[in-house]
Amino acid sequence: WEKDLRNNKINFSKKEIHFIYCARLLKSKGILTFIELAKNLKNHKFSVYGGIDPSSSDSLNDEDLNIYKEKFTNLKFHGVKPYVLLNISDEYPVLIVPSLYGEGFPRGISEAIAMHIPVIASREASSEIFDESHLYIPKKNDIYSLNTCIKEIIEDHKSNKLKEKLKFSEEYVKQNFLESIIVDKTISIYKNIDKINNNKKLFEEFNNWLPF
C-alpha cells in the first residue's frame, strides 16, 4: 500500500486489490459474506486461508468448496497455511474479518496491522480492543457496508490518510501486544494469584487460632 501513497491519481479500477480471509470456514465467522464480496468484485483477488471444521454444522464442506471454486475464478481456497500474512507479496492486500462468532483476542487483526495491511473487521471481531482509529468497521455485516469500507480505504490511500492510520495502529500494537509484553503480563497475573493464595493460607491459619 505504501508504494503509491504519494500519488493521488491512482485509478483503482485498474488496480487489483487482494482480499484475504483467515479463519475456519464457518458461516458465523463470515465466510459466506466473504464469498459474496468476491462475487461482487470480480476484478479483484480473493484468498481464503483456513480449514473445514467437520465437527461443526456451521462449517462449509468439501462439496461447498468445489461449487465455489468452479463458480468464482477470482476466489482461491488455500487451506490451512502457516504464516499467511508474512507470505503475502501483493501490492494492495486487505484483511477482511466479517465474523459474528464472538472472538477472543483477534490475533490475525493485530498481525495484519503490524504489517501495515489495512483491516476491515466487524465490531464483534474487533472485540472492543480495536476501533475505527485502528481499522475499518462496517455498520452492518453486509456487502453494502463492506463496500463502503473498501471505498473509504481507497480514498484514505489517495489522500495519504491511510499511511498515518497504519502507522498509528502499528504503534498501538507494538505498545500493547508484542509477545514479550503478553508474556510479562501473564507472569505478573500468576504472581498475583500466588500472593492471593498465600494470603488465603495465612487467613486460614488465623481462623484455626482457637480450633474446636
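Residues numbered from 1 in each chain as written. Predicted model: local features only at pLDDT ≥ 70, side-chain atom pairs only at ≥ 80, totals over all residues. Heavy atoms only, no water.

K.L.:
Outline the nonpolar core, listing residues and values.
P.N.:
Grouped together as the largest cluster of nonpolar side chains are 31 residues, with contacts concentrated most on Phe19, Leu75 and Ile120. The dominant element in this core, judged by the number of residues it contributes, is helix 5 (residues 143-158), at 6 residues. With 18 residues, the next largest nonpolar core counts Val84, Ala125, Leu135 and Val173 among its residues. (Core = buried A, V, L, I, M, F, W, Y, C linked by side-chain atoms within 4.5 Å. Buried < 20%, exposed > 50% of the residue type's maximum accessible area, 1.4 Å probe, protein only. Helix = DSSP H or I, 4+ residues; strand = E, 2+ residues; numbered from the N terminus.)

K.L.:
How would you explain the packing of aromatic side chains if you had to name every residue and give the values?
P.N.:
Under the defined criterion, the tally for this structure stands at 7 aromatic pairs. Here the aromatic cluster, defined as three or more aromatic residues joined through ring pairs, consists of Phe19, Tyr21, Phe34 and Phe46. Just above the ring of Tyr101 sits the side chain of Lys29; from NZ or CZ to the centre is 4.3 Å. Geometry around Tyr136 places Lys165 over its ring, the cationic atom sitting 3.7 Å from the centre. (Phe/Tyr/Trp six-rings, centres within 6.5 Å; stacked < 30°, edge-to-face > 60°. Lys NZ or Arg CZ within 6 Å of the ring centre and 35° of its normal.)

K.L.:
Which residues make up unusual backbone geometry, and what values go with them?
P.N.:
If a residue is not glycine, its phi is most likely negative; likewise, a peptide bond is most likely trans. Unusually for a residue other than glycine, Ser127 sits at a positive phi of about 55°. Relative to the elements of secondary structure, Ser127 occurs in the loop between helix 4 (123-126) and helix 5. Residue Ser127 is classed as partly exposed on the basis of its relative accessible area of 23%. Although it is not a glycine, Asn160 adopts a positive phi angle of roughly 75°. Structurally, the position occupied by Asn160 is in the loop between helix 5 and helix 6 (161-176).

K.L.:
Quick rundown of helix 5? Include the residues and the values.
P.N.:
When the terminal C-alpha atoms of helix 5 are compared, their 23 Å separation across 16 residues agrees well with the 22 Å that a helix rising 1.5 Å per residue should span. Turning to helix 5, its buried residues number three or more, namely Ile143, Ser145, Leu146, Cys149, Ile150, Ile153, Ile154, Asp156 and His157. Where the residues of helix 5 are buried, they touch strand 1 (18-22), helix 1 (31-40), strand 4 (93-97), strand 5 (119-121) and helix 6. Of the residues one or two after helix 5, Asn160 is the one with positive phi, at around 75°. (Expected span 1.5 Å × (residues − 1). Contact = heavy atoms within 4.5 Å.)

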